[in-house]
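Here is what each chain is made of, one letter per residue.
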Amino acid sequence: MADRIIAGQNSPTSDDTHPGPDASDILENKLTQLQSLLSCCYGDWSEWFEGIGERHRDNIIWLASDLADDIARLAQELLKRLNAQGEQGG
């Protein structure tokens, strides 16, 4: 069993009294995770990916898909915030 949780569910916060990760930080983290994950699936690591078996390959692709969905949602949230700030400022 793991001694600690390395990565958890991050959600952006808008509460100034309890600052937490904002959407841009979470987006950057998720992009880094996805890049690292996908680097295991091609190039020098492709033999490892092919050798881990179909079940694990399917799970890795599922994980990559979930990360991509998270990234898309975060990007949309950031765009909405930027558009709202632009409308307020000008």
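What counts and how
- Position numbers for residues start from 1 in each chain and track the written sequence from start to end.
- Residues qualify for local features only when their pLDDT is at least 70, as the model is predicted, and side-chain atom pairs are given and counted only at 80 or more; totals for whole chains, interfaces and linings, by contrast, use all residues.
- To obtain the side-chain values, all non-hydrogen atoms of the structure were used and water was disregarded.
- Only C-alpha atoms enter the line fits that serve as axes; for helices the fit covers just the stretch in contact. Angles between N-to-C directions range over 0 to 180 degrees.
- In this text, helices come from DSSP runs of H or I with a minimum length of four residues, and strands from runs of E with a minimum of two, each type numbered from the N-terminal end.
- In this scheme, roughly parallel covers angles under 35 degrees and roughly antiparallel covers those over 145, while 65 to 115 is roughly perpendicular and the rest are oblique.
- Crossing chirality is assigned from the near helix's rotation relative to the far helix, an anticlockwise turn below a right angle marking it left-handed and a clockwise turn marking it right-handed.
- Residue contacts follow a heavy-atom distance rule, with two residues in contact if any of their heavy atoms lie within 4.5 Å.
- When residues are grouped by polarity, Ala, Val, Leu, Ile, Met, Phe, Trp, Tyr, Cys and Pro land in nonpolar, Asp, Glu, Lys and Arg in charged, and all others, Gly among them, in polar.
- Take a side-chain nitrogen of Lys or Arg and a carboxyl oxygen of Asp or Glu: if they are within 4 Å of each other, that pair is a salt bridge.
- For a helix, the expected span equals 1.5 Å multiplied by the residue count minus one.
- Each residue is placed in one exposure class: buried if its accessible area under a 1.4 Å probe, protein chains only, is under 20% of its type's maximum, exposed if it is over 50%, and partly exposed if it falls in between.
- Take the buried residues of types Ala, Val, Leu, Ile, Met, Phe, Trp, Tyr and Cys, join any two whose side-chain atoms come within 4.5 Å, and each joined set is a nonpolar core.
- Each residue carries a pLDDT score, the predictor's confidence in it, ranging from 0 to 100.

## Section: the packing of helix H1 (residues 23–39) against helix H3 (residues 54–89)
A packed helix pair is summarised by two numbers, namely the angle formed by the two axes and the spacing between the axes. The contact between H1 and H3 brings their axes to 9 Å, and the two run at 155 degrees. With respect to their mutual orientation, H1 and H3 come out roughly antiparallel. You can see that H1 and H3 cross each other, and the crossing is left-handed. Taken together, the residues of H3 that come into contact with H1 (itself represented by Ala23, Ser24, Ile26, Leu27, Lys30, Leu31, Gln33, Leu34, Leu37 and Leu38) are Ile60, Leu63, Ala64, Leu67, Ala68, Asp70, Ile71, Leu74, Ala75, Glu77, Leu78 and Arg81. Broken down by class, the residue content of the contact of H1 with H3 amounts to 16 nonpolar, 2 polar and 4 charged.

## Description of the pattern of salt bridges
Counting across every chain of the model gives 3 salt bridges. Residues joined in a network through salt bridges with shared partners are Lys30, Asp70 and Arg73.

## Here we look at H3
An ideal rise of 1.5 Å per residue puts 52 Å on 36 residues; H3 measures up with 52 Å between its terminal C-alpha atoms. Among all positions in H3, only Ile60, Ala64, Leu67, Asp70, Ile71, Leu74 and Leu78 are buried. Buried residues along H3 sit in contact with H1 and helix H2 (46–51).

## Observations concerning the nonpolar core
Core analysis: the largest hydrophobic core is formed by 14 residues, its most contacted members being Leu27, Leu34, Leu37, Phe49, Ile60 and Leu74. Secondary-structure elements contributing two or more residues to this core are H1 and H3. Ranked by residue count, the leading element in this core is H3, at 6 residues.

## Considering the confidence of the model for the chain
Residues with a pLDDT of 70 or more make up 77% of the chain, whose mean pLDDT is 82. In the model of the chain, H2 stands out as the element of lowest mean pLDDT, 88, in contrast to H3, which has the highest, 93. The low-confidence segment residues 1–6, where pLDDT is below 50, has 0 contacts with residues more than four positions distant or belonging to other chains.

## Digging into the side chain of Lys30
Here Lys30 shows up in helix H1. Residue Lys30 is classed as buried on the basis of its relative accessible area, which comes to 9%. Not counting the four nearest positions on each side in its chain, Lys30 is found in contact with Leu67, Asp70, Ile71 and Leu74.

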